[in-house]
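Reading the structure
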Amino acid sequence: KIARVLDKLGAAVEADLATIALRSAQAAEGPLRMHIMRTLDKSPTGALARSVRSKLIETAAGVVAAVAGTDTPYAEIQDQGGVINMRSKKLAVPLRRGVYPPPKGKWPRDWAPGELFVLVRPGKDPLLVSPTLGPQYVLKTSVRIPPHYYRDAALKDAAPLMEQIIEEGLEELLSRVAGSSA
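Let us look at the structure shown here. Predicted, not measured: the structure shown is a model, and the values here were computed from it.

Thresholds applied
Residues numbered from 1 in each chain as written. Predicted model: local features only at pLDDT ≥ 70, side-chain atom pairs only at ≥ 80, totals over all residues. Heavy atoms only, no water. Patch = residues over 30% accessible without salt bridge, like charges linked within 9 Å, V, L, I, M, F, W, Y side chains within 5 Å. Areas by Shrake-Rupley, 256 points an atom, 1.4 Å probe, with all protein chains shown as cover. Salt bridge = Lys/Arg side-chain N within 4 Å of Asp/Glu carboxyl O. Helix = DSSP H or I, 4+ residues; strand = E, 2+ residues; numbered from the N terminus. Buried < 20%, exposed > 50% of the residue type's maximum accessible area, 1.4 Å probe, protein only. Pairing = 2+ DSSP bridges. Core = buried A, V, L, I, M, F, W, Y, C linked by side-chain atoms within 4.5 Å. Contact = heavy atoms within 4.5 Å.

Attention shifts here to a nonpolar patch on the surface. Residues Leu-17, Ile-166 and Leu-170 make up a contiguous nonpolar surface patch of roughly 210 Å² in combined accessible area. If you trace the backbone, Leu-170 turns up in helix H5 (residues 150-181).

Structure (structure tokens):
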């Protein structure tokens, strides 16, 4: 009987279901941002956490769903881990143990010309050095990013609220549908 009623209501019900799905995804945004900042604490600029958004998606089968996530290219490797290889230039890895480490979020391209020079070290990776602040970056041909699994942790934290939103939304929708079919 419910299926027949839902078929009758068609697009109105689909819109309500999409709203429920989107509200559920929005409930995951906060935990996802929190886990990103908590687990990526070496040099958090907050850019990845700020890029988290909820959106509706439609699958190839026409099913509407909602997701909370980010389109930032490096999000996947930060979560799942992996190796980044250099393309045309070596990878600059900030040195955090120096007397004057580089400011968070400042990369070699952000320095003025002449503020950094390359220090070649026999048998070791070269360094980018500031004449006034000392070594700032080590230059690598590849970098291994360890997995952080912040998405799994965020989903675990958000799941109870997401389930509650879905349950309450469906109860309200079914109550409204039952009232309109009577």
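Attention now goes to the pairing of strand E7 (residues 134-140). Counting buried residues in E7 gives five out of seven residues, a clear majority hidden from the surface. Both strand E4 (residues 91-94) and E7 contribute to a ladder of four bridges, which runs antiparallel. Each residue of the ladder has a partner; that of Ala-92, found in E7, is Leu-139. Note that strand E6 (residues 127-130) and E7 share four bridges and pair antiparallel. What sits directly across from Val-129, in E7, is Pro-135. The turn joining E6 and E7, which pair antiparallel and follow one another in sequence, is formed by three residues.

The next point concerns the nonpolar core. In a soluble, globular protein the nonpolar side chains are often hidden away together inside. Of all hydrophobic cores here, the largest spans nine residues; its members are Leu-32, Ile-36, Leu-40, Leu-48, Ala-49, Val-52, Ala-75, Tyr-150 and Ala-154. Within the residue set of this core, elements represented by two or more residues are helix H2 (11-39), helix H3 (47-50) and H5. Setting aside residues up to four positions removed in sequence, Ala-49 forms contacts with Arg-33, Ile-36 and Met-37. Trp-111, Leu-116, Leu-128 and Leu-139 belong to the second-largest nonpolar core, a separate cluster that totals five residues.

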